[in-house]
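# Summary of the model geometry
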Amino acid sequence: MAGSEGSGTGLVLFMGKRTEHAITSIEKYVPEVVHIVTSDIFKTEHKRRMKDWSAKYGFRAGSVRSIDDLFEPSAVSSLLNEVIAIADEEKMIESKLAWYLGITGGTMHMSATGT
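About the cut-offs
- Residues numbered from 1 in each chain as written.
- Predicted model: local features only at pLDDT ≥ 70, side-chain atom pairs only at ≥ 80, totals over all residues.
- Heavy atoms only, no water.
- Salt bridge = Lys/Arg side-chain N within 4 Å of Asp/Glu carboxyl O.
- Helix = DSSP H or I, 4+ residues; strand = E, 2+ residues; numbered from the N terminus.
- Buried < 20%, exposed > 50% of the residue type's maximum accessible area, 1.4 Å probe, protein only.
- Arc of directions from axis to C-beta.
- Contact = heavy atoms within 4.5 Å.
- Patch = residues over 30% accessible without salt bridge, like charges linked within 9 Å, V, L, I, M, F, W, Y side chains within 5 Å.
- Areas by Shrake-Rupley, 256 points an atom, 1.4 Å probe, with all protein chains shown as cover.
- 1 Å grid on protein atoms, 1.4 Å probe; cavity = no way out; pocket = protein on both sides within 12 Å on 5 of 7 lines; lining within 4 Å.
- Points joined across faces, edges and corners; volume = space filled by probe spheres on them.
- Nonpolar A, V, L, I, M, F, W, Y, C, P; charged D, E, K, R; others polar.

## Observations concerning the pattern of salt bridges
Enumeration over the complete set of coordinates arrives at five salt bridges. Between R18 and E20 there is a salt bridge whose closest N-O contact spans 3.2 Å. Where R65 meets E89, a salt bridge forms, and the shortest distance between an N and an O atom there is 2.9 Å. Here R65, found in strand 3 (residues 60-67), pairs with E89, found in helix 3 (residues 75-92); they are 24 residues apart in sequence, far enough to count as distant. The partly exposed category is assigned to E89, whose relative accessible area is 29%. Put simply, R65, E82 and E89 are held in one network by salt bridges that share partners.

See below:
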């Protein structure tokens, strides 16, 4: 969990079905906030997880965003747009965190976009 001063870290996770990489990243980076970008197939499932993980690990639950074209040529643009939307959302609350992007889960499009 983040301490009273906070960890100074934000985490954006690209997620598919599996969750192991997310738990590993949360435990390693001890983020103050986590956002998830996923497929529309997993959005509801990851919203529930976000609530549970936020309570368990003590971070602010960010947004869970999804795209519906994950296996289309437009996926990279859609994924980038979601990360930009997260950045804009965090600017609105004057967040000054160091950001990490989890690219170990999801699809090849997610890994390529994260890189």
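## What to know about helix 1 (residues 20-29)
Residues of helix 1 that are buried include every one of H21, A22, S25 and I26, and no others. Here the buried residues of helix 1 occupy an arc of 135° about the axis, which is enough to place them on one side. Facing away from the buried surface of helix 1 by more than 90 degrees, the exposed residues are T24 and K28. Buried positions along helix 1 lie against strand 1 (9-15), strand 2 (33-39) and helix 2 (43-57). Following helix 1 by one or two positions, V30 adopts a phi angle in the positive range, close to 45°.

## Examining a nonpolar patch on the surface
Where nonpolar side chains cluster on the molecular surface, the patch consists of V76, L80 and I84 and spans about 230 Å² of accessible area. Looking at the element boundaries, V76 is found in helix 3.

## Digging into the layout of surface pockets
Counted as a void, the largest pocket has a volume near 150 Å³. Around the largest pocket, the lining residues are V12, V83, I86, A87, E90, K91, S95, W99, Y100 and L101. In terms of residue count, helix 3 provides more of the lining of the largest pocket than any other element does, five residues in total. Its residues assigned to classes, the lining of the largest pocket comprises seven nonpolar, one polar and two charged.

Keep in mind these values describe shape, not function.
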